[in-house]
Amino acid sequence: MPLLMCRRAVFGYEGEAAVSALDFEVNSGDYLCVVGENGSGKSTLIKGLLKLLAPLAGSVVYGDGLQPGDIGYLPQQTPAQKDFPAGVYEVVLSGRLGSRGLRPFYSKKDKEMAIENMERLGLTSLANKCYRELSGGQQQRVLLARALCSTRRLLLLDEPVAGLDPIVTGELYSLIKQINDDMGVTVIMVSHDIHSAIKYAKTILHLRSRQAFFGSAQEYAASDIGSKFIGGDSNV
Amino acid sequence: MFDFFIEMFSYSFLARAVIVGLLVSLCASLLGVSLVLKRYSMIGDGLSHVGFGALAVATGLNAAPLAVAVPVVVMAAFLLLRLSESSKIKGDAAIALISTSSLAIGVVVISQTTGMNIDVCNYLFGSILAMSHADVALSVALATTVLVVFALFYNKIFAVTFDEQFARATGVRTGIYNMLIAFLTAITIVLGMRMMGALLISSLIIFPALTSMRTCKTFRSVTVCSAIVSVACYFVGVTLSYAAPKGLPTGASVVMVNILAFGAFCLVFLCKKLLVKKRIRAEV
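Residues numbered from 1 in each chain as written. Chains lettered and ligands numbered in written order. Predicted model: local features only at pLDDT ≥ 70, side-chain atom pairs only at ≥ 80, totals over all residues. Heavy atoms only, no water.

Draft legend 1. Up close: the packing of helix 2 (residues 12–37) of chain B against helix 12 (residues 219–243) of chain B. All names here are of chain B. One can describe the packing of helix 2 onto helix 12 by two numbers: an axis separation of 9 Å at closest approach and a directional angle of 145°. Helix-helix and strand crossings are classified by hand; for helix 2 and helix 12 the assignment is right-handed. For the pair helix 2 and helix 12, contact is made by Leu14, Ala17, Val18, Gly21, Leu22, Ser25, Leu26, Ser29, Leu30, Val33 and Leu37 and by Phe219, Val222, Thr223, Ser226, Ala227, Ser230, Val231, Tyr234, Phe235, Val238 and Tyr242, respectively. Grouping the amino acids of the contact of helix 2 with helix 12 by side-chain chemistry returns 16 nonpolar, six polar and no charged. (Axes fitted to C-alpha atoms, helices over the stretch in contact; angles between N-to-C directions. Helix = DSSP H or I, 4+ residues; strand = E, 2+ residues; numbered from the N terminus. Left-handed = near helix turned anticlockwise from the far one by under 90°. Contact = heavy atoms within 4.5 Å. Nonpolar A, V, L, I, M, F, W, Y, C, P; charged D, E, K, R; others polar.)

Draft legend 2. Molecular detail of the layout of surface pockets. Taken as a whole, the largest pocket holds about 350 Å³ of empty space. Surrounding the largest pocket, 17 residues form its lining, Arg132 and Glu133 of chain A together with Met213, Arg214 and Phe269 of chain B being those nearest its centre. At the level of secondary structure, the elements contributing two or more residues to the lining of the largest pocket comprise helix 2, helix 11 (201–213) and helix 13 (250–283) of chain B. With five residues, the top contributor of residues to the lining of the largest pocket is helix 13 of chain B. The residue makeup of the lining of the largest pocket, split by class, is seven nonpolar, one polar and nine charged. (1 Å grid on protein atoms, 1.4 Å probe; cavity = no way out; pocket = protein on both sides within 12 Å on 5 of 7 lines; lining within 4 Å. Points joined across faces, edges and corners; volume = space filled by probe spheres on them.)

Draft legend 3. Looking closely at the sheet that holds strand 3 (residues 31–35) of chain A. Residue and element names in this part refer to chain A. Strand order in the open sheet made by the six strands is 5-6-7-3-8-9, with mixed pairing throughout. Each edge of the open sheet is held by one strand with a lone partner, namely strand 5 (71–74) and strand 9 (211–216). Each neighbouring strand pair of the sheet contributes to a mean axis angle of 15°, computed without reference to strand direction. Strands strand 5 and strand 6 (154–158) of the sheet are contacted by helix 4 (residues 136–150), whose axis makes an angle of about 165° with strand 5. (Pairing = 2+ DSSP bridges.)

Draft legend 4. How the structure looks around helix 8 (residues 154–162) of chain B. Among the nine residues of helix 8 of chain B, nine are classified as buried, and the element is accordingly described as predominantly covered. Of all the positions in helix 8 of chain B, only Tyr154, Asn155, Lys156, Ile157, Phe158, Ala159, Val160, Thr161 and Phe162 of chain B are classed as buried. (Buried < 20%, exposed > 50% of the residue type's maximum accessible area, 1.4 Å probe, protein only.)

Draft legend 5. The interface of chain B and chain A, seen in detail. Opposite the 27 residues of chain B that make contact, chain A presents 38 residues. Summing both partners gives a buried area of about 2,800 Å² for chain B against chain A, and 61% of it is carried by carbon and sulfur. A per-residue breakdown of the area chain B buries against chain A is headed by Phe162, Phe166 and Lys217 of chain B, which together make up 26% of the total. Scanning the region where chain B abuts chain A turns up two salt bridges. Residues lysine 217 of chain B and glutamate 133 of chain A are paired through a salt bridge, measuring 2.8 Å at the closest nitrogen-oxygen approach. For the pair chain B and chain A, the number of links is nine residue pairs in polar contact (both at pLDDT 80 or more). Sorting the residues of the side of chain B that touches chain A by element identifies helix 7 (133–152), helix 8, helix 9 (164–169) and helix 12 of chain B as the ones contributing at least two each. If you tally residues by element for the side of chain B that touches chain A, the top one is helix 8 of chain B, at seven residues. (Buried area = accessible area lost by both parts, 1.4 Å probe. Salt bridge = Lys/Arg side-chain N within 4 Å of Asp/Glu carboxyl O. Polar contact = N/O pair within 3.5 Å; in protein donor to acceptor, adjacent residues only side chain to side chain.)

Draft legend 6. Quick look at a nonpolar patch on the surface. There is a patch of nonpolar side chains on the surface, built from Phe105 of chain A together with Val148 and Leu152 of chain B and spanning about 260 Å² of accessible area. Note that leucine 152 of chain B resides in helix 7. Look at leucine 152 of chain B and you get partly exposed, because its relative accessible area is 37%. (Patch = residues over 30% accessible without salt bridge, like charges linked within 9 Å, V, L, I, M, F, W, Y side chains within 5 Å. Areas by Shrake-Rupley, 256 points an atom, 1.4 Å probe, with all protein chains shown as cover.)

Draft legend 7. Molecular detail of the environment of methionine 5 of chain A. Residues and elements named next belong to chain A. Examined against the element boundaries, methionine 5 turns out to sit in strand 1 (residues 4–13). Exposure remark for methionine 5: the relative accessible area of 15% places this residue in the buried category. Between the C-alpha atoms of methionine 5 and valine 60, which are 55 residues apart in sequence, the distance is 5.6 Å. Filtering out sequence-adjacent residues up to four positions away, methionine 5 remains in contact with Phe24, Glu25, Ser59, Val60 and Val61.

Draft legend 8. Spatial organisation of helix 10 (residues 174–196) of chain B. Residue and element names in this part refer to chain B. Here helix 10 is 23 residues long and its end C-alpha atoms lie 31 Å apart, about the 33 Å a rise of 1.5 Å per residue gives. Valine 190 marks the point of greatest bend in helix 10, at about 25°. With 19 of 23 residues buried, helix 10 is to be regarded as a mostly interior element. Positioned one or two residues after helix 10, glycine 197 has a phi angle of 95°, which is positive. (Expected span 1.5 Å × (residues − 1). Bend = angle between axes of the 7 residues up to and from the residue.)

Draft legend 9. Layout of the domain arrangement of chain A. Residues and elements named next belong to chain A. Split by domain assignment, chain A resolves into domain 1 (1–66 + 153–236) and domain 2 (79–151). Taken together, the contacts link twelve residues of domain 1 with ten residues of domain 2. Between domain 1 and domain 2, a total of about 920 Å² is buried, with carbon and sulfur atoms accounting for 80% of that surface. It is Leu155, Leu175 and Met183 that lose the most area in domain 1 upon contact with domain 2, and together they represent 39% of the buried surface on that side. The tally of links from domain 1 across to domain 2 stands at three residue pairs in polar contact (both at pLDDT 80 or more). Elements supplying a minimum of two residues to the side of domain 1 that touches domain 2: strand 6 and helix 5 (166–182). When residues in the side of domain 1 that touches domain 2 are grouped by element, the largest group, five residues, is from helix 5. (Domains from an automatic or database assignment.)

Laid out in structure tokens, this is it:
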């Protein structure tokens, strides 16, 4: 049973479809990159997969015992966060909240997990720093650590490298790859960076307000739509 | 000095005002951090105007002021929250609409019942004489509830304030916590508004949070710092209002102290920045 399945799913807002004809599955340990132009429905799909948005038609099925709380999510940054006084440790620890239910305070195990994830992503020395004073790459690593605190199974990343310089982008990609390989965490990532997507991801989902391609990264590079998108991108 | 405070607290109305005021400013400062960061500051201001309308109607009907104002303002808080969340109606315009409407209703009701007298002035700018014995009991109970609920849900309030999307994705029911924040804010505003005045009460929510954000770097330190700043400013403000030769309106005097605290923290922040710059220049 796949971890996550979309069956002829349509997602949109207020009855209007933003992305349709979604028919794909994600297995445990997969690394799926969602690509497509602006407004092709990538972020809408992510909201749908998180069940923050009910499908207008079709269905999203979680399999293999996956619960909604088992998904680690790395959202796009909001403007409010840019001047938010929050410590790195506070942010990472808040990833444990979903598993707390109604219990008000964090347990010792939650705190250990937060510390462990900060170590894994090289954030230990920043633990007491203020989130807003970090560089963009460091901020994304903090959010990644928080996402890892909420799951060991599936990470949903919404444009994690947006606005980062090439070196930091490369570092973040290899970090995500490492998480996928070493920890066996399934990764679904939305990305504008088509070259890195092909380099790192196992499977590609191309959206054009509908599902235009779904298959392995090699197949995608060889396909008509894939080579066009890659070619078009390198001209920019 | 000691004698001065003994004399001050020998007036029972002053002792009552200080007890309730300290609790309310504590509640307001804790909630304020979340409200300011969520860009909900204007909701606090809007609610105080709704509170004015509710108090005026309660006086007109000869009803207990808190018993009328608390439910009305809580309802208004939910309404304002809904309005600011829906993107179709512009939230800030809706708040302005509701607050001016309540103000107008309040003034009309007062002019038809008790007449435009000293009462209106007291409602708008606050009066230290506002707290009766029954009010104090209710206020202390409600304020304690607000504090306990805030402490229990502190972690969730942080998560919902910092990143609602993420919190929702991991299964936290953010809608409920937004409503909780609005609910607690409404109660705090009603409790504080007769002493601070409808026009001034929102400063208790906004000032301490902004002040402590000048220098503090984590959510916890901002929360603790704004609680301390708020309580200290209230106490100094009340003392000044009592000690001033001609007497000062409590609300205005508390806000003045808050302004000074804000200025002082800004100055500290600037000095820190200059020092860091100097050190970097020295190292280069």
